[in-house]
Every structure is written in C-alpha cells, then in structure tokens.
Amino acid sequence: MPKNSAFIDLITIALEPDSSVPLYQQLYETLREAILTGRLEAGLRLPPTRALAEELGVSRNTVVNAFEQLIAEGYIDSRVGAGSFVASDLPEEVLELRSKALDAAPSQRWDRSGILSQRGEIIASAPVRLGPSTPAAFQPGLPALDEFPFKIWEQLMDHHWRYLPPASFGYGAAVGYQPLREVIAAYLGAARGVRCEAEQIIMVAGTQQAINLAAYVLLDPGDKVWMEDPGYIDGRVALLGAGVTPVPIPVDAEGVSIDMGQQLCPDARLVYITPSYQYPLGIRMSLSRRLRLLEWANQANAWILEDDYDSEYRYAGRPLAALQGLDHAGRVIYIGTFSKVLFPALRMGYIVAPHDLVDAFTAALALVNRCLPILPQAVLTDFLAEGHFARHVRRMRTLYAERQALLVEMVQQELAGRLDIGPAEAGLHLLAHLIDYDDRLASTRLAENGIHAPSLASYAVRPQPHPGLVLGYAPSKNYKSAKALQPWRES
Ligand SMILES: Cc1ncc(COP(=O)(O)O)c(C=O)c1O
C-alpha cells in the first residue's frame, strides 16, 4: 500500500474563489504540484470526484475538469469502477524533476555546530547505545515474550476501552493512574519489603526515564555519582546526558565497594546501584553492605538510587528485601520496571520517592510527559489486582529456572575449557567467563551470527580480571545448542 494513502484527505487544497484563475485550474495545479513533489505517491487512490467536490465546496464539474486535464497529461489514471489513481508510470518530465530535486537535496547531515544549547550538546554527545530493535539470540534483559498471556491482556484492554468513562480520556494525573499506584504500593510492600504509601508511587515510562528524572531533580551538571563498575550502561549514559559525572566504583563479592567509593569520590551526591542482582555481575549486595551504604548516604547527605529491575526472578536462596525497606532517613529513591516481568514495549515503570521528593518528581514528570497513556495503566492495574501478574511470575520463575539450568548444562558439556559458566540464584542473565579469549572480539564475532552477547568489558570502565560474555537465557529461541556461542570457530 502506498505510504501516504491514509492521509489523502489531509492534503491541503486551498482554492481561492475570488482569483482570476478558474477553480478547476487551481485544483489541477495543486494536485499536479503534489504529484511532482512526491506528496502524492504513484499508485495512490484519489478521493471520488463527488466527495472531493463536496469537501472543497465546488461543483463536481470543477473537479472532473481538473482530473481530466491530469489524465490527459499522464499524471493520473482513471479505471472504470475503481476510481482515479496517481499514475504508476509518471511522465518523463516528472521523473526528471524528481531526480533533480533529489540531487539538490543535501546528502550529508547538516552541521549543527553552534545551534544546540550547552545542555543539548551534552545530550547529543552522550554515548547512547542502541541494542537490536528486534530480539536477538541470547540478548540479555529480555523476558520470554512469547510466553506472555496476551489473550488476558487483550480482554482487559477490550474491557477498559468499552467501560472507562469518557472523562478518563482527558489529561490524567502526572503521577499516574491512582488505582495503579495503590496496587503497586500493595505489591511492593508484600513482595519486596518496600515501605511506602500509594502517594509515593510515581508512574514513569520505565527505568530509563526514572534515572533521567532523578538526575534532573536531584543533581546539577558536574555533580558526581558513584556508579557500579562494571554496571548498567544505559543508566550511566542517562547520567552523562544530564551533565553529571559518573565515577566508576569497583564491585566486590558483597556489592559496590564503599571503601573504594569514599577513596575515589568522597563528595558524591548520589549512588546508583542494582543491589538485588548486580548488573551485570549478578552479585547480591550483602546486608552489612546495605546498612553501611545507608549510613554513608546519611552522613554524606547523598541519595541512593536503587534499581530493582528484575528481582521478581529469584530461583534459590533467601529473598532479600529491597534496600529501601531498611531506609529510615528517606535517602533511597527506589525504581521498579515492568520491562522484565511483563514486556519492555509496555514502557511502564515507577519511582518510589521519599515523601519530601514527591512534589518535585511530579512536577518534572508533568514537564516531560504531561501524563502517561490511560489504557495500559488501567489494564496493568487489573492485571496486578486480579492475580494474573502473580500467576505469570510464578510460571516464568519455573520456566526461567529450567532454561537457566539447560544453558549451564549445555555450555558445561559442549564448551568445557573454553567458556566457564555456573548457575545463578536470580535474574534473567548469566555471566560466562571466556578462557583465553578476548571478550570484545568474541562479542563482535557472535554478533556476525545474529547473537547479541555483550562483553563484560563493554559494561566496565576499568579492565576486568576475567573476560566474560553476558548471556540472556529467558527467550526460548536461544536453546538449540551451546555451540552457537563459539566465537573461536573461524579463528
Ligand atoms: C540494570 C537494569 N535496569 C533497568 C532495566 C530496564 O530498563 P527499562 O525499564 O527502561 O526498560 C534494565 C534492562 O536491561 C537493566 O539491565
């Protein structure tokens, strides 16, 4: 189907009844110009003459005359019973004109030096990393999209589309749909040990937006932030884009090292952490480290940004409640997302803000979003409240545990001595260590075969002791053979 056929009715045709140029001539010239410039594409079906005449408030003859002239000159074809179409075989003159226009078009991106604000320059130069836009094999951070209960989602969508009162389709509250905030507060209290009221829940378009908002609300350009090294790159880039300086702090067996943080950056304003399942090392921050971090934040008057991105998936070991639940001083800003537990394209996440910050976050959100779409929020509310969410999580826990075990077994059997892997208690990815092979090179080679397995080095600022690959195991299409993970095949 021609690309712009859906917009044919919106092509502006402004006729001037008082002009000395006859109306049919004006219409002819407008349509001819639209065909010449490509606004009306070859093959596009034009509106019936009667409908167009009515819309323009002219006689049908005016339109018929204009069309006839266009037909005579080869710009449009008329097929009996089917209507009039922009000719697929355009006259030579048209093609020449078009190719001249294309030649004249600037072939390079324009020079933007001096046109952006300083803030714009910082944002434009942030090293944004776009992963594959369609899921790739072993891509970390993806759930099993084909296991999502889309049928239930569809039924809830249908229901809300029919029964939400018209008033719901105006501008909603910037903080999010109130029933959703309430059910999320209840869920977080029960499942994650987060201590909060619905008023503290601020709905956002995923973790990415939450980190951005936190940076804009809490930090000034040039402020320093402790960032886990290795750590979540998209979080780091969001901070860079806000003009903040992320300072890489090593992670040890208990989580981010506070001693190193104090040594490398004593004046940090914020620490960004993934304490439940450190990304990408998969370490669970120990209780004593959590308590020390809270103490440090209190003394240093700093904020803790807790990214609890996939804690629903714990397969073994004691579940450890969120760090936020231990915070008595209002220092923790907790972020959750539905990207891993439902699906990333939902773009739905939340911030749990300390009471004192709720107004500032709400204002920031109203500035960037105005409000989030009502329909997915209403659907999500029921999905959570009616138990579909809990059922889905339970089912996925079993499935992912099996898939993780299978990946470990396959790698251990098929790639022993080359790729070292072990089971993990949580998460949706494993870190596999390469033996005597550079991880960046391995990742590039695998990408050539459609496998998206980022290197450990790509998450780190400092060199890492062992090269590694980060492997997502939740999507089913990964599981044929571990042999696909051999980058050394062609070497
Ligand atoms: C550490 C971490 N946080 C958050 C997310 C999810 O981000 P979002 O909610 O923007 O989809 C991911 C996804 O890969 C992640 O790895």
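Residues numbered from 1 in each chain as written. Predicted model: local features only at pLDDT ≥ 70, side-chain atom pairs only at ≥ 80, totals over all residues.

(A) Structural view of the nonpolar core. Counting residues in each nonpolar core, the largest one holds 104 residues, and the members touching the most others are Ile202, Val271, Leu305, Ile333 and Ile351. The element best represented in this core is helix H8 (residues 207-218), accounting for six residues. Two domains each put at least three residues into this core: domain 2 (124-134 + 148-388) and domain 3 (391-490). Within the second largest apolar cluster, 18 residues are counted, among which are Tyr28, Leu44, Val86 and Ala87. (Core = buried A, V, L, I, M, F, W, Y, C linked by C-beta atoms within 7 Å. Buried ≥ 20, exposed ≤ 12 C-beta atoms within 10 Å, placed from the backbone. Helix = DSSP H or I, 4+ residues; strand = E, 2+ residues; numbered from the N terminus. Domains from an automatic or database assignment.)

(B) A look at the sheet that holds strand E7 (residues 270-273). Spatially, the eight strands line up as an open sheet ordered E3-E10-E9-E8-E7-E4-E5-E6, and their pairing is mixed. Here the strands that pair on one side only, and so sit at the sheet edges, are strand E3 (201-204) and strand E6 (255-256). Across the sheet, helix H9 (residues 233-241) lies against strand E4 (224-229), strand E5 (245-252), E7 and strand E8 (303-307), angled at about 155 degrees from E5, the strand it touches most. (Pairing = 2+ DSSP bridges. Contact = placed C-beta atoms within 7 Å. Axes fitted to C-alpha atoms, helices over the stretch in contact; angles between N-to-C directions.)

(C) Structural view of the packing of helix H2 (residues 49-56) against helix H3 (residues 60-72). The interhelical angle for the contact between H2 and H3, taken along N-to-C directions, is 120 degrees, at an axis separation of 8 Å. By the criterion of interaxial angle, the relationship of H2 to H3 is oblique. The way H2 lies across H3 gives a crossing that is right-handed. Of the residues in H3, those touching H2 at Thr49, Arg50, Leu52 and Ala53 are Arg60, Thr62, Val63, Val64 and Phe67. By residue class, the composition of the contact of H2 with H3 is five nonpolar, two polar and two charged. (Parallel < 35°, antiparallel > 145°, perpendicular 65-115°, else oblique. Left-handed = near helix turned anticlockwise from the far one by under 90°. Nonpolar A, V, L, I, M, F, W, Y, C, P; charged D, E, K, R; others polar.)

(D) Representation of the site of the ligand in the model. Near the ligand, the surroundings consist of 13 residues, among which Gly141, Gly206, Thr207, Thr337 and Ser339 are the closest. Classifying every residue of the shell around the ligand gives four nonpolar, eight polar and one charged. (Near = placed C-beta within 6 Å.)

(E) Geometry of the sheet that holds strand E13 (residues 468-472). Taken together, the three strands give an open sheet; going across it, the order is E11-E12-E13, and neighbouring strands pair in antiparallel fashion. Each having just a single partner strand, strand E11 (419-420) and E13 make up the two edges of the open sheet. Pairing between strand E12 (residues 429-434) and E13: five bridges, direction antiparallel. Bridge assignment links Leu430 to a residue of E13, and that residue is Leu471.

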